[in-house]
Amino acid sequence: MTSRATASLIVLAVIGAACRAPHEPSGDKPVPPAASAAPSSTLAPEGGFAVDDRVAPAVAIPLREDLTVVTAINSVPGDYESIKRIDAVSAKGIRLTYSAEHPGDAGSVTRTRARRVVARADLDTARAYRQGFGNNDEDEYPGSTALGASTLILNELKTSGTSQFKVMAGGVQGILTGVLGGFLGGGGDDDLALADGTLTRVGSLRIPVVVNDAPMLLPSVQARGVFGDEEVEFVFLDDPANPLALRWRMGGEALQVIKIAFPAATPAAQVIARELRTDGRAEVHGIYFDFGSATLRAESDVALKQIADALGADRAWRVQMEGHTDSIGTAERNQSLSEARAAAVKGALVSRFGIAADRLTTTGYGATRPKAPNDTLVGRARNRRVELVRVSPNTE
């Protein structure tokens with residue numbers, strides 16, 4: 001094993017390299033936006049929805065199988081999304097998968113895929129939150145959580161107002177501690193990648209999130225602290241059974257949960273069918289594409305099946321698939337992208353889910369029909385959507 005003295009020399013060399021070149025983001029680490037590029041990722045409390053949005057009453061977010069949490073991070077080319085999905089829940093803990101596509105230089109895209117297992121004891125009492133994911137991660141990091149704080153942290157913030165907390169270090173510090181930990185071996189040295197400090201509760205917020213395709217304001221606890229040389233802010237869902245991190249900022253890095261989905265009492269297919277029958281229109285937010293393209297991501301399969309099942313409610317329906325984008329990018333690019341994405345959804349429904357092609361038409365509107373302001377992460381997420389419009393009368 002490399003000695004600590006040798007590792008220190010290596011780290012000094014890494015410092016020079018890290019200071020000479022920008023750090024490529026991994027997992028949830030965002031690219032700091034240029035001042036003249038994409039809108040700022042700063043989100044005002046309770047902001048992000050349109051004034052006339054019909055905000056649904058907040059519901060409990062269950063820590064259960066098929067819970068999907070979508071996080072948006074702002075970068076210069078546009079917002080990119082990470083998706084965390086719980087695959088299994090048991091008395092021992094949870095297992096989840098993570099996927100993200102974050103843009104780099106010259107149009108490149110880095111793809112991250114990871115798995116994580118979190119023990120039930122850590123969901124209850126862990127003081128560390130390992131918020132980043134990488135392609136070479138281990139499946140398990142004992143003593144830490146992966147979706148937010150533990151019940152212990154939330155309860156301490158609510159009762160005493162403070163809590164000792166650990167998170168993955170950001171920026172150059174995170175690079176160096178990760179490299180040093182790798183040279184020194186695994187086990188306890190993995191703590192080198194974590195920064196610790198005291199979180200202090202500063203208030204309560206209602207955070208805008210699209211939950212099961214409905215805009216909601218989720219109750220949350222806001223806390224701040226100084227970890228090393230960095231000011232941090234975390235906003236946790238106010239639910240001891242599932243204190244998700246709905247927003248965090250650390251130094252110049254920030255992210256926001258924009259969408260949450262889980263199996264509800266009324267199946268989503270029934271909701272879509274009901275909206276098509278009564279309103280003639282239904283929004284679908286669970287369709288995901290590769291960054292800046294019309295290639296469907298695997299996580300879209302759930303929503304595609306829901307659409308197919310909804311169309312089975314009345315085989316006389318003919319439906320138009322409308323593609324919509326946010327305002328980042330040129331009008332021409334957004335128009336062509338919205339058209340291509342609507343066509344991709346139709347193609348998948350026809351080729352993989354057995355919907356007759358003559359029942360579906362497609363169109364795109366680019367960024368011309370926003371549902372919410374484009375100056376926040378959650379607002380832009382509301383605008384990136386596919387809408388279904390019934391174009392023939394219901395023949396019941």
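Data block above holds the structure.
Because the structure is predicted, anything quoted here is derived from the model rather than measured. (Residues numbered from 1 in each chain as written. Predicted model: local features only at pLDDT ≥ 70, side-chain atom pairs only at ≥ 80, totals over all residues. Heavy atoms only, no water.)

### Brief notes about the sheet that holds strand β14 (residues 319-324)
Strand pairing within a sheet occurs via backbone hydrogen bonds; the two strands may be parallel or antiparallel. An order of β13-β16-β14-β15 is seen for the four strands of this open sheet, with the pairing classed as mixed. Both outer strands of the open sheet, β13 (281-284) and β15 (360-364), are each paired with one neighbouring strand and no more. The sheet shows a mean angle of 20 degrees between the axes of neighbouring strands, taken without regard to direction. Inspection of the sheet shows β14 paired to strand β16 (residues 385-390) by six bridges, in the antiparallel sense. Across the sheet, H324 pairs through a bridge with R385, a residue of β16. Of the strands in this sheet, β14, β15 and β16 are in contact with helix α7 (residues 331-353), which crosses β15 at around 160 degrees. (Pairing = 2+ DSSP bridges. Helix = DSSP H or I, 4+ residues; strand = E, 2+ residues; numbered from the N terminus. Axes fitted to C-alpha atoms, helices over the stretch in contact; angles between N-to-C directions. Contact = heavy atoms within 4.5 Å.)

### Description of the packing of aromatic side chains
For any pair of aromatic rings, the description consists of the separation of the ring centres together with the inter-plane angle of the planes. Tallied over the entire structure, the rule returns six aromatic pairs. Between F165 and F236, the ring centres sit 5.9 Å apart and the planes meet at 75 degrees, which makes this aromatic pair edge-to-face. In this pair, F165 is assigned in strand β7 (residues 162-168) and F236 in strand β10 (residues 230-237), connecting sequence segments 71 residues apart. Neither residue differs from the other here; F165 and F236 are each classed as buried. Seen from their ring centres, F234 and F236 are 5.7 Å apart, and the 10 degrees between their planes marks the pair as stacked. (Phe/Tyr/Trp six-rings, centres within 6.5 Å; stacked < 30°, edge-to-face > 60°. Buried < 20%, exposed > 50% of the residue type's maximum accessible area, 1.4 Å probe, protein only.)

### Regarding the pattern of salt bridges
Enumeration according to the criterion identifies 21 salt bridges in this entry. Salt-bridge contacts for E283 lead to K371; the nearest nitrogen and oxygen are separated by 3.0 Å. Within this pair, whereas E283 is found in strand β13, its partner K371 is found in the loop between β15 and α8 (377-383), the two being separated by 88 residues in sequence. Judged by its relative accessible area of 16%, E283 falls in the buried class. K371 sits in the partly exposed class, given a relative accessible area of 28%. Here D326 makes a salt bridge to R384, at a shortest N to O gap of 2.8 Å. Residue D326 is found in the loop between β14 and α7, and its partner R384 is found in the loop between α8 and β16; the two are separated by 58 residues along the sequence. Classification of D326 by relative accessible area gives buried; the value is 7%. Overlapping salt bridges, with partners in common, bring together E81, K259, D326 and R384 in one network. (Salt bridge = Lys/Arg side-chain N within 4 Å of Asp/Glu carboxyl O.)

### Details of unusual backbone geometry
In most cases, non-glycine residues show a negative phi, while peptide bonds are predominantly trans. The backbone of D66 shows a phi angle near 75 degrees, a positive value even though the residue is not glycine. Looking at the element boundaries, D66 is found in the loop between α1 (4-20) and β1 (68-74). Overall, the relative accessible area of 28% leaves D66 in the partly exposed class.

### Brief notes about helix α6 (residues 301-311)
For α6, every residue scored as buried is listed here: A303, L304, I307, A308, A310 and L311. Projection of α6 onto a plane perpendicular to its axis shows the buried side chains occupying an angular sector of 160 degrees, all on one side. Contacts from the buried residues of α6 go to α5 (268-278), β13, β14, α7, β15 and β16. (Arc of directions from axis to C-beta.)

### Let's talk about α5
Given 3.6 residues per helical turn, the α-helix brings residues three or four places apart onto the same face. Inspection of α5 places A269, I272, A273 and L276 among the buried residues, and these make up the whole buried set. Summarising the axial view, the buried residues of α5 lie within an arc of 95 degrees, below the 170-degree limit, and thus occupy one face. In this structure, the buried side of α5 is in contact with β13, α6 and β16.

### What to know about the pairing of strand β2 (residues 79-90)
As paired elements, β1 and β2 share seven bridges and run antiparallel to each other. Across the sheet, residue V70 finds its bridge partner in β2, namely I83. Where β2 lies against strand β3 (residues 93-103), eight bridges are found, and the strand directions are antiparallel. Directly across from K84, in β3, lies its bridge partner Y98. Taking the residues that link successive antiparallel strands as the turn, the β2-β3 hairpin has two residues.

### Some points on the side chain of Q320
Note that Q320 resides in strand β14. Excluding its chain neighbours within four sequence positions, the residues that come into contact with Q320 are T361, T362, T363, Y365, E387, L388, V389 and V391.

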